[in-house]
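# A look at the structure
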Amino acid sequence: MFRSLLILPFAGCLFLSSCGGKFFPDENHSGGGGNTTSGDYLYIANISTNPLTLAAFNITSSGVASLSGSPYNFGLVTPSALAITPQNSFLFVGSIDGGIYGYSINSNGSLSILNSGNPLVTGILPSALKVDTTGNWLIAAQGVAGTNASAYLFAINTSTGALTAQGNALTLDVGTPVRIAVTPNNQLVYISLGTGGVDILNFSASAGTLSLFQNLHPKNSSNADYGLAVDPSGTYLFVTETGTVVNGTNGLRVLKIAANGALSELSTSPVQTDLGPMAVIVSSNGSYVYVATNSGVVDGFALSANGALTSLPNSPYTTGTNPSDLIEDSSDTYIAVVCSGGSPDLQVFKIDTTAATAGQLISFATASTASTSPAGAYRVVATQ
């Protein structure tokens, strides 16, 4: 059923701030936004270190190397969400302790703090962030269990990384935001809310507007939706759902996106996964789907033109404990997985291109995301 638009004023004022907590130290890195990165970089939020940190790595042909200055000290601020601009100019970090912070990404992958380490935005506690494909807009979502979540839209100054609130907060359904996905044409935004299902929003990158469209409920009231991904053609939405989805286990829902944004679930959906599917990505070529599960594995699937999924050779692929997020690298060669339980914190797989086993994941490199353990690697983003 289609939803009416509900827009409420901000609970607190959102503004570019030189006040508020300053949690980032001033690192001695030169450069600024707009530089062309020269490597294949990963940025990882750690939530179990003391102090809390943001780790940075370069993927090379011989393995994974920690960047100079990494890990970056977050003090007592919990990094709960990460988003990177498609031009690789800026990295935004949301904190459930309050605010959105920013770094400019230098050509060597190192990070320079924005706004002297003060939050770019105050008054919100974002648990999910996403930059649209134009690089002009940052979408943020916040909420706590049992209350209505909220979505926010910020204009990105593409020269400085400054954020300006666009309009008022948009009231969502009840739930805690986990992930945000945007269709390639920037017309639809999906926000997963756990037991609240998935809210679908109309989005205009030209006008800078968000409006509530409809809600996708979980298959059962006790289920929860977490991971979100849209294939490169914008044809299918993938949703990981925990609970009694398939034969008493967990699964991946596959829904076709109509021209008007309406969703229709495929007859073959949901597809069974290992227990605890938390995150999902579609490869840049649209051929493969990978799901990180709390079972300590990544399930791999081949994606056909009609949306059907078939298991890849030798799937599932073993990871560390409690993999919480995964991403494809900028070369479209590797899949990086971060594990909140460690052993290892970061695991990088190579995507097999051999005809007989194409798409399968081959373990390539591992690393610790912090100088202390456990690191609690929670979220990962990559340069594009």
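A few words on the packing of aromatic side chains. This model, assessed by the stated rule, comprises five aromatic pairs. Taking 6.3 Å as the distance between ring centres and 50° as the angle between the ring planes, the aromatic pair formed by Tyr288 and Tyr290 counts as tilted. On the accessibility criterion, Tyr288 (13% relative accessible area) is buried. We classify Tyr290 as buried; its relative accessible area is 0%. Judged by centre distance (4.7 Å) and plane angle (35°), the rings of Tyr334 and Phe364 are tilted. Taken together, the residues Tyr334 in strand β29 (residues 334–339) and Phe364 in strand β31 (residues 361–367) connect sequence positions 30 residues apart.

Adjacent strands of a sheet pair through backbone hydrogen bonds, lying either parallel or antiparallel. On the basis of which strands lie adjacent, the open sheet formed by four strands has the order β14-β15-β16-β17 and antiparallel pairing. A strand with exactly one partner marks an edge of an open sheet, and here the two such strands are β14 (180–182) and β17 (209–216). Shown here is a sheet whose adjacent strand axes are inclined to one another by a mean of 25°, direction ignored. Where strand β15 (residues 188–192) and strand β16 (residues 198–204) come together, five bridges link them in antiparallel fashion.

Looking now at the environment of Gly243. Mapped onto the fold, Gly243 is located in strand β19 (residues 236–246). Classification of Gly243 as partly exposed rests on a relative accessible area of 24%. Each C-alpha atom of the pair Gly243 and Gly276 lies 8.2 Å from the other, and the pair is 33 residues apart in sequence.

What counts and what doesn't
Residues numbered from 1 in each chain as written. Predicted model: local features only at pLDDT ≥ 70, side-chain atom pairs only at ≥ 80, totals over all residues. Heavy atoms only, no water. Phe/Tyr/Trp six-rings, centres within 6.5 Å; stacked < 30°, edge-to-face > 60°. Buried < 20%, exposed > 50% of the residue type's maximum accessible area, 1.4 Å probe, protein only. Helix = DSSP H or I, 4+ residues; strand = E, 2+ residues; numbered from the N terminus. Pairing = 2+ DSSP bridges. Axes fitted to C-alpha atoms, helices over the stretch in contact; angles between N-to-C directions.

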